[in-house]
Amino acid sequence: MRRLRARTSGGPGDDPVTHVERLPARAGEAAPWPDWVPEELRTALARQGVVAPWRHQAEAADHAYHGRHVVIATGTASGKSLAYQLPALATLLADPRATVLYLAPTKALAADQLRAVASLDLPGVRPACYDGDTPRAERDWIRQHSRFVLTNPDMLHHGILPGHAKWAPFLRRLAFVVVDECHTYRGVFGSHVAHVLRRLRRQVARYPGTPGRGLAGVPTARRPTDRRTTSGPVGTADGPVFVLASATSGDPATVAERLTGLPVIAVTEDASPRGGLTFALWEPPLLPSSPSAADPTDASRPADDDPGDPPGSGTRDAAPVRRSALRETADLLGDAVAAGVRTLAFVRSRRGAEVIATTARRALDAAVPGLGARVAAYRAGYLREERRALEQALLSGELLGLASTSALELGVDLVGLDAVLICGYPGTRASLWQQAGRAGRSGQEALAVLVARDDPLDTYLVHHPEALFGRPVEATVLDPANPYVLGPQLCCAAAESPLTPADLELFGPGAKETVEELVAAGALRQRPTGWYWRHPERPEVDLRGTGGSPVDVVEAATGRLLGTVDPGSAHFLVHPGAVYLHQGVSYLVDDLDLADGCALVHAEEPDWSTHPRDVTSLSVVSVRSYLDAGPVGLFLGEVDVTNQVVSYQRRRLSSGEVLDTRPLDLPARELRTVAVWFTVSPEALAAAGVETADVPGALHAAEHAAIGLLPLIATCDRWDIGGLSTANHPDTEAPTVFVYDGHPGGAGFAERAYGVASAWLSATRDAIAECGCETGCPSCVQSPKCGNGNNPLAKAEAVRVLDVVLANLATTASAGSDDPGSR
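None of the values given here were measured: they were computed from a predicted structure.

Caption draft 1: How the structure looks around the overall build of the chain. For the chain, the count of helices and strands is 25 helices and 29 strands. Expressed as a percentage of the 823 residues in the chain, the buried residues total 60%. When contacts within the chain are restricted to residue pairs at least 6 apart in sequence, long-range pairs at least 24 apart make up 74% of them. Here the chain displays about 30,300 Å² of accessible surface, and carbon together with sulfur accounts for 52% of that area.

Caption draft 2: Layout of the nonpolar core. Phe 279, Phe 678, Leu 710, Leu 712 and Trp 760 are the most contacted members of the largest nonpolar core, which has 120 residues in total. Ignoring any residue separated from it by four or fewer positions in sequence, one finds Leu 712 in contact with Arg 429, Leu 457, Tyr 460, Leu 461, Ala 467 and Ala 763. Core analysis: the next-biggest nonpolar cluster, separate from the first, contains 40 residues, Trp 33, Ala 44, Tyr 84 and Phe 148 among them.

Caption draft 3: Fine view of unusual backbone geometry. Despite not being glycine, Arg 126 shows a phi value in the positive range, around 50°. Here Arg 126 is to be found in the loop between helix H5 (107-119) and strand E4 (127-129). Classification of Arg 126 as partly exposed rests on a relative accessible area of 36%.

Caption draft 4: The pairing of strand E20 (residues 561-565), seen in detail. With four bridges joining them, strand E19 (residues 551-555) and E20 adopt antiparallel strand pairing. Of the residues in E20, the one forming a bridge with Val 551 is Val 565. Linking two consecutive strands that pair antiparallel, namely E19 and E20, is a turn of five residues; a positive phi of about 75° is found at Gly 559 within it.

Caption draft 5: Examining the sheet that holds strand E22 (residues 585-593) more closely. Taking strand neighbours across the sheet as the criterion, the five strands line up as E20-E19-E23-E22-E21 in an open arrangement whose pairing is mixed. Two strands bound the open sheet, and with one partner strand each, they are E20 and strand E21 (579-582). Here the average twist between neighbouring strands, direction ignored, is 35°. Taken together, the six bridges between E22 and strand E23 (residues 598-603) define a ladder with antiparallel strand orientation. Across the sheet, Asp 591 pairs through a bridge with Leu 600, a residue of E23. Sheet strands touched by helix H13 (residues 350-367): E20 and E21. Its angle to E21, the strand with the most contacts, is close to 65°.

Caption draft 6: The packing of helix H7 (residues 153-160) against helix H9 (residues 187-206), seen in detail. The contact between H7 and H9 brings their axes to 10 Å, and the two run at 50°. By the criterion of interaxial angle, the relationship of H7 to H9 is oblique. Judged by the twist between their axes, the crossing of H7 over H9 is left-handed. From H7, Pro 153, Leu 156 and His 157 reach across to H9, where they touch Val 193, Val 196, Arg 199 and Leu 200. Taken together, the residues of the contact of H7 with H9 sort by class into five nonpolar, one polar and one charged.

Caption draft 7: Region of interest: the packing of aromatic side chains. In the structure shown here, the tally under the stated rule is 10 aromatic pairs. Between Phe 279 and Trp 433, the ring centres sit 5.3 Å apart and the planes meet at 70°, which makes this aromatic pair edge-to-face. One end of the pair, Phe 279, is in strand E11 (residues 277-282); the other, Trp 433, is in helix H15 (residues 429-436), and 154 residues separate them in sequence. Assessed through its relative accessible area of 0%, Phe 279 is described here as buried. Ring centres 5.6 Å apart and planes at 5° place the aromatic pair Phe 635 and Trp 677 in the stacked group.

Caption draft 8: Quick peek at the packing of helix H4 (residues 80-94) against H5. Contact pair H4 / H5: the axes reach a minimum separation of 12 Å and the direction vectors enclose 50°. Judged by the angle between their axes, H4 and H5 are oblique. Every pair of crossing elements has a handedness; the one defined by H4 and H5 is right-handed. Packed against H4, whose contacting residues are Ser 81, Tyr 84, Gln 85 and Leu 89, the element H5 presents Gln 113, Ala 116 and Val 117 at the interface. Grouping the amino acids of the contact of H4 with H5 by side-chain chemistry returns four nonpolar, three polar and no charged.

Caption draft 9: Looking closely at the pattern of salt bridges. All chains considered together, the criterion is met by 26 salt bridges. Note that Arg 624 and Glu 638 form a salt bridge whose closest N and O atoms lie 3.9 Å from each other. In this pair, Arg 624 is assigned in strand E24 (residues 608-629) and Glu 638 in strand E25 (residues 632-652), connecting sequence segments 14 residues apart. Residue class for Arg 624 comes out partly exposed when judged on its relative accessible area of 41%. A residue is classified by how much of its surface remains accessible, and Glu 638, at 18% relative accessible area, is buried. In this structure, a network of salt bridges that share partners links the residues Arg 323, Arg 327, Glu 328 and Asp 331.

Caption draft 10: Examining the confidence of the model for the chain more closely. For the chain, mean pLDDT is 85; residues scoring 70 or higher make up 86% of the total. Of the regions scoring below 50 in pLDDT, residues 5-13 engages in 14 contacts with residues more than four places distant in sequence or in other chains. Residue range residues 210-237 is modelled with pLDDT below 50. Its contacts to residues more than four positions away, or to other chains, number 67 contacts.

What counts and what doesn't
- Residues numbered from 1 in each chain as written.
- Predicted model: local features only at pLDDT ≥ 70, side-chain atom pairs only at ≥ 80, totals over all residues.
- Heavy atoms only, no water.
- Helix = DSSP H or I, 4+ residues; strand = E, 2+ residues; numbered from the N terminus.
- Buried < 20%, exposed > 50% of the residue type's maximum accessible area, 1.4 Å probe, protein only.
- Contact = heavy atoms within 4.5 Å.
- Areas by Shrake-Rupley, 256 points an atom, 1.4 Å probe, with all protein chains shown as cover.
- Core = buried A, V, L, I, M, F, W, Y, C linked by side-chain atoms within 4.5 Å.
- Pairing = 2+ DSSP bridges.
- Axes fitted to C-alpha atoms, helices over the stretch in contact; angles between N-to-C directions.
- Parallel < 35°, antiparallel > 145°, perpendicular 65-115°, else oblique.
- Left-handed = near helix turned anticlockwise from the far one by under 90°.
- Nonpolar A, V, L, I, M, F, W, Y, C, P; charged D, E, K, R; others polar.
- Phe/Tyr/Trp six-rings, centres within 6.5 Å; stacked < 30°, edge-to-face > 60°.
- Salt bridge = Lys/Arg side-chain N within 4 Å of Asp/Glu carboxyl O.
- pLDDT = per-residue confidence, 0-100.

What follows is the structure, encoded as structure tokens:
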């Protein structure tokens, strides 16, 4: 901490550290080995340094071994892996026919768990990864011989379930399904995964277990006689036991039950030891007002904008008010590496990871030639060989510093890290603590620093530490009943085997009505034996909501594949003329072929950067719920959003000067989703002192701040949502602010915002009012995602608008009106 403070200059007012939270070390509470753990497994674990389980590990493992579905939700580095390894491996050793399926949200995590299980060197287990990187020559062997298969929901969806007949021996003997890092399955992705797990349960039920398999894979000789708990009967005798592992989260049992469709017990008391953690909140210093003093790093990126954001993305034209969080993080990373401190820097965008690593490398090489080689970037889109080499280099100590996207947030065992830098609030307290927990493994002291981006939420948090520390983390939001998820998943299930009436109960509320709609649409055919998929090809369903298959980034001169880009980000990241970064090397995009999913690039080091601009329109389809608060209306409903990237700016790297704006000819993209919106009567605005000419700017400013603060109360990231404001929307015929989910059919975020509208808008109002700027800045009402160049904006009037909204909502609540969510 002293080393970080030494970086700052000037008096106390210039100190970028706004708060320091000290989390004391904690002793662990061990438990005896459960009597069912075989000596062979205990010996193998002892060789790895595990002499006894912690109490929470033993408790969760015992639940799972005795046939009770369980979720273990404890802190980072608390050893959740052992909670599922114990029952799974004990069963595999006792029953040579049993199998285990492990699901991870990322390939890196599955590869890490494969190393952990393989290192135990247990006979007959034969663990293997089965994912998109697995050579086809190995896949048949894995199906036939591996008893511990590690994969991800995407491969389960695209490969295993469609080919369930080939997997019949494995599914017939399936004892456990492990769902690791289950808190990451939220929004649309989580809703899809919930149905993939139901499809898995359905196919397992088609292949009855072998004789003697007993309760959920536990050999009959050890079948428990009493599976009741204080919560009532749990578990199942005719299917695999589900063991879920989660970061600390709100109400993990309910979330796990929604994810699996099964009753689940939660183990939440963390009994592992923890080293002390010093957690600092860091606000980059103000820049001089002179344009010539603008931070070149900020201008070259620009600042903290992610060009891969979904509809609503854009750039800001105003000069940055604070030094870029990217530059601050890069400097901190460079200082840490120079001091020999093993450090991981998390950043929210792919380009941000590249910029931080490149900036830190250059600074280190300037100080000590060659030292920059000990810093690298890690992100999605790299090829498999690059990812594995970087992971190994970090584990071995060859790399001292790594700038990573959230790809390394999850449980990859990064032993020996001393510090974590978090460039911008990651969107949820769950992710914040997950990232901070990467440091200080093995009980040593650790440091975590949250470097605030110049936006409303980050600014609010570094000045309101009580919003981060001592508060429970958010509950994960997912909605399996989303018709845009349920319908395609029912089609996938029908393509695997005909749906029956009994299956519809498995898929939950709305399944029967959705099947009828699919029959009417010609997707399914009803027969006496069930509902059949009518088409020869399989349904195309994208679990992650990225819009289809990745776009390949190919070097035109050599044909070399550099990496991939999500199709949802392609319009922003690899449009014609865009500058694309890969491992610190700049490329210029020559052509983007959306039909073939390919962007052709050539290496070039231009002295300018590129920044896409877009336009958005919105129409109301239906209203699900509303609250009449006199001159204020609060609504939840379906909307149609049309977004199009129409141009991009080129900005000079050295100064941020806009060189020109060039048009783009890219197709518009349409989205039907769920939105929350409020209306305010013109008369109420006038009475509050908001002049007619200021209404557009006031609503626009309120919209930006509301989007920025929504992640405070919902498990969403800023790029999960979009917004629009207008002084007179044709569908509402009133001044209106919309905030919508950025996924087809919605992701549950708008519903959450509607249910806690007063708390959300109150935090929004405070963030604007407490900002020290005069007319608005990125810390309050300017947005890095604004497609209108942050114009017009009216900061003071935005506070008045929100005061009107909050006063009328409070009046309605005190008068005894129903909660908005009940209308």
